[in-house]
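# Architecture at a glance
One-letter residues, chain by chain:
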Amino acid sequence: SAEFFGRQVPFPTGPALLMRRAGAPLVHAHALRDPEGRHVVCFDGVERSDPALRLAEDLRRLTRRLVEAQERTIAAHVEQWCVFRRVFGAADAA
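Cut-offs and rules
The numbering scheme is per chain: residues are counted from 1 as the chain's sequence reads. In keeping with the model being predicted, local features are shown solely for residues with a pLDDT of at least 70 and side-chain atom pairs are shown and tallied solely at 80 or more, while totals for entire chains, interfaces and linings include all residues. Side-chain metrics rest on all non-hydrogen atoms present in the structure, leaving aside hydrogens and water. Think of a nonpolar core as a cluster: buried Ala, Val, Leu, Ile, Met, Phe, Trp, Tyr and Cys residues, connected wherever their side-chain atoms sit within 4.5 Å. Relative accessibility decides the category of a residue: with a 1.4 Å probe and only protein chains considered, values under 20% of the type maximum give buried, values over 50% give exposed, and everything between is partly exposed. The numbering of helices and of strands both runs from the N terminus, where a helix is a DSSP run of H or I of at least 4 residues and a strand a run of E of at least 2. Contact definition: two residues touch when any of their heavy atoms are within 4.5 Å. Two rings from Phe, Tyr or Trp (for Trp, the six-membered ring) form a pair when their centres are within 6.5 Å of each other. A pair whose planes differ by under 30 degrees is stacked, one over 60 is edge-to-face, and the rest are tilted. Angles shown run from 0 to 180 degrees and are taken between the N-to-C directions of axes, each axis being a line fitted to C-alpha atoms and, for helices, limited to the stretch in contact. By definition in this entry, angles of less than 35 degrees are roughly parallel, angles greater than 145 are roughly antiparallel, angles of 65 to 115 are roughly perpendicular, and the rest are oblique. Should the near helix be turned anticlockwise from the far one by less than a right angle, the crossing is termed left-handed; should it be turned clockwise, right-handed. Note that Gly is not counted as nonpolar here; it falls among the polar residues with everything else outside the nonpolar set of Ala, Val, Leu, Ile, Met, Phe, Trp, Tyr, Cys and Pro and the charged set of Asp, Glu, Lys and Arg.

## Here we look at the nonpolar core
In this structure, A2, F4, V9, F11, V67 and I74 together form the largest nonpolar core, which totals six residues. Within the residue set of this core, elements represented by two or more residues are β1 (2-4) and α2 (55-76). Apart from the residues lying within four places of it in its own chain, the contact partners of F11 are S1, A2, F4, T63, V67 and Q70.

The following block contains the structure:
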């Protein structure tokens, strides 16, 4: 799990594990709808694993960085956020 907008939620470590094992970078990207209804793809940076760190520590760090990128994108364009499953528990509903 990872902290997402101030709450602990289940978050997959698969992307971090894959990039660590493959030695490949992960490019942060997201798509937005512009005022004319077209989709625009935005690239927000690159993450790399740190082989000097223990596996569990690097997975936590990389997953945290992925979550932070999603939080920034969602906060900047909350009107375009669409989620297909419950993220927060019923007790967290506003």
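## Considerations on unusual backbone geometry
The general pattern is negative phi for most residues beyond glycine and trans for most peptide bonds. With a phi close to 50°, F5 is a non-glycine residue in the positive phi region. Tracing the backbone shows F5 in the loop between β1 and β2 (7-9). A relative accessible area of 34% places F5 in the partly exposed class.

## Notes on the packing of aromatic side chains
The full count for this structure, using the stated rule, is three aromatic pairs. Ring centres of F4 and F5 lie 4.9 Å apart, and the angle between their planes is 65°; this geometry places the pair in the edge-to-face category. Accessibility expressed as a relative area gives 3% for F4, which makes it buried. Measuring from centroid to centroid gives 6.3 Å for F4 and W81, while their planes differ by 70°, and the two rings are edge-to-face.

## Let's talk about the packing of helix α1 (residues 14-22) against α2
Angle between the axes and distance between the axes: these two values describe a pair of packed helices. Orientation of α1 relative to α2, taken along the N-to-C sense of each, is 120°, at an axis distance of 8 Å. Here α1 is positioned oblique relative to α2, judged by the angle of their axes. Taken as a pair, α1 and α2 cross one another with a handedness that is right-handed. Note on element contacts: α2 touches α1 through L55, D58, L59, L62, T63 and L66, opposite P15, A16, L17, M19 and R20. Residues belonging to the contact of α1 with α2 are distributed by class as follows: eight nonpolar, one polar and two charged.

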